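Geometric and topological summary
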Amino acid sequence: ILFSIVNVDGKFIGYCGFTNIDSISARAELSFLLDTEIIEGSEEYLTLFEDVLRMLLQYGFERLHHNRLVSETHCFRDKHLAVLEKVGFVKEGVLRNHVYKKNKFHDSILHSVLREEYYSQEKSEIVKEIRNIKDDIQCIKAIIFDFDDALVDEESWIHKRWEKTIIFAEEELG
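Residues numbered from 1 in each chain as written. Predicted model: local features only at pLDDT ≥ 70, side-chain atom pairs only at ≥ 80, totals over all residues. Heavy atoms only, no water.

**So, the nonpolar core**
Grouped burial of nonpolar side chains is what soluble globular proteins tend to show. Core analysis: the biggest nonpolar cluster contains 26 residues, and Phe32, Leu53, Leu57 and Phe89 have the highest contact counts within it. Counting residues per element, the ones that place at least two in this core are β2 (12-22), β3 (27-34), α1 (43-63), α2 (78-86) and β6 (104-114). Non-local contacts of Phe32, meaning those with residues more than four positions away in its chain, are made with Ile5, Tyr15, Cys16, Tyr45, Leu48, Phe49, Val52 and His80. (Core = buried A, V, L, I, M, F, W, Y, C linked by side-chain atoms within 4.5 Å. Buried < 20%, exposed > 50% of the residue type's maximum accessible area, 1.4 Å probe, protein only. Helix = DSSP H or I, 4+ residues; strand = E, 2+ residues; numbered from the N terminus. Contact = heavy atoms within 4.5 Å.)

Right, dumping it as structure tokens:
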């Protein structure tokens, strides 16, 4: 199952999707490839990669009902590996001297996310969002409270000033 990746102008810039799908075991490998004009490791690349991974996780677990999604990444792609772990992938192991690139053999790093981890992480993110909303509400309450205090202080100040004015007027008159 492959998806096109297009930029805001509608230009095709890559693809992503699921390969090596095993329907019985409810698992698949994720695939991601961008136009070579987008420099691997650049901020644009990493942002796209993170967004695509989040979409694939959501689609894989919520629509395809997979139990396990995996990724294999060359060991020299440090930023790529960091994004995988940022979105919830867990490092499972190393395939030693698995690929031949740049005139030598390199390891491949295996990562996966299990269905239960995805929903646990999603629940955790929802709880964080609820806490942020509660913090925002507390902040708003504090501002309203401070504003009410300021109004009370203002009213007291006006009242005291008015009393002083009356006392001054009484003294002048009499």
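**Digging into the confidence of the model for the protein chain**
Note: predicted coordinates in regions of low pLDDT should not be interpreted at a detailed level. Taken over all residues, the pLDDT of the protein chain has a mean of 74, while the share at 70 or more is 70%. The model gives residues 139-172 a pLDDT under 50, and that stretch makes zero contacts with residues more than four places away or in other chains. (pLDDT = per-residue confidence, 0-100.)

**Here we look at the side chain of Glu29**
Turning to its location among the elements, Glu29 is positioned in strand β3. Buried charge without a partner: Glu29 forms no salt bridge, and the closest opposite charge is Arg27, 8.9 Å away. In this structure Glu29 touches Gly17, Phe18, Thr19, Asn20, Val70 and Glu72, once residues within four positions along its chain are discounted. (Lys, Arg positive; Asp, Glu negative; His and termini not counted. Salt bridge = Lys/Arg side-chain N within 4 Å of Asp/Glu carboxyl O.)

**Quick look at the sheet that holds strand β1 (residues 2-6)**
Strand order in this open sheet of six strands is β1-β2-β3-β4-β6-β5, and the pairing throughout is mixed. Looking at which strands have only one partner, the edges of the open sheet turn out to be β1 and β5 (90-101). Across this sheet, the average inter-strand angle for adjacent strands is 25 degrees, counted without regard to direction. Helix-sheet contacts for α1 involve β1, β2, β3, β4 (68-74) and β6, and the interaxial angle to β3 is about 155 degrees. Sheet strands in contact with α2 are β3, β4, β5 and β6, and its direction is about 165 degrees off that of β4. (Pairing = 2+ DSSP bridges. Axes fitted to C-alpha atoms, helices over the stretch in contact; angles between N-to-C directions.)

**Description of the side chain of Arg77**
Relative to the assigned elements, Arg77 resides in the loop between β4 and α2. Since its relative accessible area comes to 19%, Arg77 is described here as buried.

**Notes on the layout of surface pockets**
The calculated volume of the largest pocket comes to roughly 400 Å³. Lining the largest pocket are 23 residues, and of these Phe32, Leu33, Tyr45, Arg77 and His80 lie nearest its centre. Listing elements by their share of the lining of the largest pocket, those giving two or more residues are β3, α1, β4 and α2. Tallying contributions element by element places β3 first for the lining of the largest pocket, with six residues. Of the residues contributing to the lining of the largest pocket, the split by class is 12 nonpolar, six polar and five charged. (1 Å grid on protein atoms, 1.4 Å probe; cavity = no way out; pocket = protein on both sides within 12 Å on 5 of 7 lines; lining within 4 Å. Points joined across faces, edges and corners; volume = space filled by probe spheres on them. Nonpolar A, V, L, I, M, F, W, Y, C, P; charged D, E, K, R; others polar.)

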